[in-house]
Structure formats: structure tokens, C-alpha cells
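Summary of structural features
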Amino acid sequence: MAKLRPVAIDDLQVWKQRGERIPVITAYDYTSAQIIDAAGIPVVLVGDTLGMVVLGHDSTIPVTLDAMIHHVRAVMRGRSRAFVVGDLPFMSYRISRAQALTNAARLLQEGGCHAVKLEGGREVAPTLARIVDTGIPVMAHIGFTPQSIHRFGRRRVAGKCAESAEALVRDALALERAGAFAIVLECVPIPLADELTHRLGIPTIGIGSGPGCDGEVQVFHDLLGLYSDFVPRHTKRALDLADRMRTALSTYADEVRRRVFPEDRHGTSMDPEILALALEQIDAR
Ligand code: KIV
């Protein structure tokens, strides 16, 4: 079978124009990146949800750029086809433009991903434009932005009143003008997400924003039922993998205790005469 060529940034634009939906999934390590690639998912986000689903924090705020780079590198070793976006974590792009450029460059240069993502509206558009100017593609992220959880107070839908809906439209248009190649709409009311998808030339990637977006992103651990500390309404549970893993692990522990596993075939045999010879040498001393 012919090997499919790697996904490139302009494929996303082509898919939007053709009305082909864009599946996106998060990944944080080598093995899951291999599985995702084999499943044919074209875009992978190494999200700062890393902080919650892999590192066990209660928000994305403690995630550092070094942690992101570490996980982006692992994903890049596992993927062969997917287009990979690395998340710029909390405060890694807000202090100054120089800081944002340095950190976006580190994600690409040290991590090896193809693009970066940052959260925020019009206030980050000039920073986004500078990063894009240097040749680094940027995915934007508006609506509920988890890095601002303490400002929101809790996870909430953004853009429900006229004022905040207007703000979201202005944000989205400004980010597109600044050069974003795609935009994540997280927890945006469905009619507003539909309107944004219609007005924007770049693909919208929804999460909790309904079926009208150009693409959808889900968190790997949510989709596969690996993480249950918090299950957002927008989660699709395709499997209960945690339950299946618990069963497999307790079977393993039980088999070890009952001496059912390992069997001889799981190890390497040895010529008894060689062993006897070795022991003779020891005993002779
Ligand atoms: O960090 C992440 O995984 C994300 C997605 C939920 C969009 O930003």
C-alpha cells in the first residue's frame, strides 16, 4: 500500500473549502502518537491538558514550557503523518513579545512540532502576528480558555450574552487577520460557533461548540475513558479503557500471585551442563 504523505498546514484550508471535517485529538507520548497516526487522525494537539490528564494537576496552569517540549518530542517520535501543534503553556507568551517568540521557537526547535497554539482574543493578536511573521504557524483558541480558569471562576460557556458574543466575533476576526491558520472554539454556543465558522476563512476546531465547526478536537484520555476526575459535557466516551485496564492489571497481579505467570516460554532456557559448570567453579573457590 502506498504510504500517505505527511499532512501539511494547507491541507486544513483545503479541507475547510471542500467541507471535509477535520478530526483533531490530543496526544502526550510516543505510543499514543503511533496509535493515533495509525488511526489516520490528521492533526494532533500536544495540549497543556497534559497538566491534568497526565501529570495529575487540577488545572493547566502548572504546566511549564520544558514539560511541553518533553512531551512534544515524545509525540514527534511516534507520529509519522499527523500535523502536530504544541500548546504554549500559561504565561509563556504573555509577558512580552520577545518572550513569546523565544518560547514559540523553542517548541518548534527543541520539540520538533509544526505549529503552536495560544489562548486569548484581540489582546494576543499582535503577539500572534509577530510569531506568524517569523514563520511559525499559530492556532488560536477562544471561548472558554482554561489558562484563565481563575478569571472565569469555573468552566463556563463563553459568548452567551450579546456583549460577549460580539466580543468573541471581534476576537475571532482579529486573530484571523493576525494570521492564525485555525482557531479552537471551546464551549461556544452552537449558533455562534456556526456563525464564526461561516464568517472565518480559516478552519474552526470545536470542542463543546456543536457539530457545525470545521473540525472537532477531543482529549485522548477523555475519548478513551482513561481520565475521570472531571468529565466535561462535550466529552465523547468511545471506550471505558480505564475499566478494561483495571481488569487486565488485576488479572496480571492475580496470575503472578498464583504462579500462573510467567511461564517458561516467557524467559530463556539454558544448558544445565553450562550452569552446573559455572556453579562448580563458584563452589571450588
Ligand atoms: O490543552 C488542550 O488539550 C486543549 C484542547 C482541549 C483544545 O487546549
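Residues numbered from 1 in each chain as written. Predicted model: local features only at pLDDT ≥ 70, side-chain atom pairs only at ≥ 80, totals over all residues. Heavy atoms only, no water.

Here we look at the site of the ligand
- Neighbouring residues of the ligand: Thr26, Leu45, Gly47, Asp48, Thr49, Asp87, Lys117, His141, Val184, Ile207 and Val217.
- At a separation of 3.0 Å, an oxygen atom of the ligand approaches a polar side-chain atom of aspartate 48.
- With respect to the ligand, the side chain of aspartate 87 contributes an N or O atom lying 3.1 Å from an oxygen atom.
- Burial of the ligand by the protein chains amounts to 97% of its free accessible area of 260 Å².
- Partitioned by chemical class, the residues of the shell around the ligand number four nonpolar, four polar and three charged. (Near = heavy atom within 4 Å. Polar contact = N/O pair within 3.5 Å; in protein donor to acceptor, adjacent residues only side chain to side chain. Areas by Shrake-Rupley, 256 points an atom, 1.4 Å probe, with all protein chains shown as cover. Nonpolar A, V, L, I, M, F, W, Y, C, P; charged D, E, K, R; others polar.)

A few points about the side chain of serine 209
- Note on placement: serine 209 falls in the loop between strand E7 (204–207) and strand E8 (215–218).
- Residue class for serine 209 comes out buried when judged on its relative accessible area of 0%.
- Within the structure, the side chain of serine 209 is placed 3.3 Å from the backbone nitrogen of cysteine 187, a separation counted as a polar contact.
- In this structure the side chain of serine 209 is engaged in a polar contact, spanning 3.0 Å, whose partner is the backbone nitrogen of valine 188.
- With near-sequence residues (within four places) excluded, serine 209 lies in contact with Leu185, Glu186, Cys187, Val188, Ile190 and Ala193. (Helix = DSSP H or I, 4+ residues; strand = E, 2+ residues; numbered from the N terminus. Buried < 20%, exposed > 50% of the residue type's maximum accessible area, 1.4 Å probe, protein only. Contact = heavy atoms within 4.5 Å.)

Overview of the domain arrangement of the chain
- Each assigned domain of the chain is listed here: domain 1 (9–239) and domain 2 (245–284).
- The straight-line distance from the C-alpha centre of domain 1 to that of domain 2 is 48 Å. (Domains from an automatic or database assignment.)

A closer look at the packing of aromatic side chains
- Considering all chains together, one arrives at three aromatic pairs under this definition.
- Aromatic pair phenylalanine 83 and phenylalanine 181: ring centres 5.8 Å apart, planes at 80 degrees, arrangement edge-to-face. Highlighted residues: phenylalanine 83 in strand E3 (residues 83–87) and phenylalanine 181 in the loop between helix H8 (162–178) and strand E6 (182–186), separated in sequence by 98 residues. In terms of burial, phenylalanine 83 and phenylalanine 181 fall into one category: buried. (Phe/Tyr/Trp six-rings, centres within 6.5 Å; stacked < 30°, edge-to-face > 60°.)

Some remarks on the state of the cysteines
- For the coordinates displayed, the defined rule picks out zero disulfides.
- The closest cysteine sulfur to the non-disulfide-bonded cysteine 161 is located on cysteine 187, 16 Å from its own sulfur. (Disulfide = S-S within 2.5 Å.)

Notes on the pairing of strand E5 (residues 138–143)
- The buried count for E5 comes to six of six residues, which makes it a mostly enclosed element.
- Side chains Val138, Ala140 and Ile142 project from E5 onto one buried face, and the interleaved Met139, His141 and Gly143 project onto a second face that is buried too.
- Here four bridges tie strand E4 (residues 115–119) to E5, and the two strands are oriented parallel to one another. The residue of E5 that forms the bridge with valine 116 is valine 138.
- Crossover handedness for the path E4 to helix H6 (residues 125–133) to E5: right-handed.
- As paired elements, E5 and E6 share five bridges and run parallel to each other. When the sheet's bridge partners are listed, isoleucine 142 is paired in E6 with leucine 185. (Pairing = 2+ DSSP bridges. Right-handed = clockwise from strand over helix to strand, strands pointing away.)

Remarks on the environment of alanine 238
- Within the element layout of this structure, alanine 238 appears in the loop between helix H10 (220–223) and helix H11 (241–257).
- By relative accessible area, which is 44% here, alanine 238 ends up partly exposed.
- Alanine 238 sits 13 residues away from glycine 225 along the chain, and the two C-alpha atoms are 7.2 Å apart.

Focus: the nonpolar core
- Leu88, Leu107, Ile131 and Ile183 are the most contacted members of the largest nonpolar core, which has 60 residues in total.
- Beyond its immediate chain neighbours, meaning those up to four positions away, leucine 88 contacts Leu65, Tyr93, Asn103, Ala104, Leu107, Val116, Lys117, Leu118, Ile131 and Gln147.
- Within the second largest apolar cluster, 17 residues are counted, among which are Trp15, Met139, Val184 and Ile205. (Core = buried A, V, L, I, M, F, W, Y, C linked by side-chain atoms within 4.5 Å.)

Focus on a positive patch on the surface
- Where like charges cluster on the molecular surface, the positive patch consists of Arg154, Arg156, Lys160 and Arg233.
- Note on placement: arginine 156 falls in the loop between helix H7 (149–152) and H8.
- Residue arginine 156 is classed as partly exposed on the basis of its relative accessible area, which comes to 33%. (Patch = residues over 30% accessible without salt bridge, like charges linked within 9 Å, V, L, I, M, F, W, Y side chains within 5 Å. Salt bridge = Lys/Arg side-chain N within 4 Å of Asp/Glu carboxyl O. Lys, Arg positive; Asp, Glu negative; His and termini not counted. Charge placed at Lys NZ, Arg CZ, Asp CG, Glu CD.)

Some details on unusual backbone geometry
- Backbone torsion omega between phenylalanine 261 and proline 262 reads 0 degrees, so that peptide bond is classified as cis.
- With respect to the element layout, proline 262 can be found in the loop between H11 and helix H12 (272–284).
- Despite not being glycine, methionine 91 shows a phi value in the positive range, around 65 degrees.
- With respect to the helices and strands, methionine 91 occurs in the loop between E3 and helix H5 (97–111).
- For cysteine 187, which is not glycine, the phi dihedral falls at a positive 50 degrees.
- Relative to the helices and strands, cysteine 187 is located in the loop between E6 and helix H9 (190–199).
- Cysteine 187 gets classed as buried once you look at its relative accessible area, which sits at 10%.

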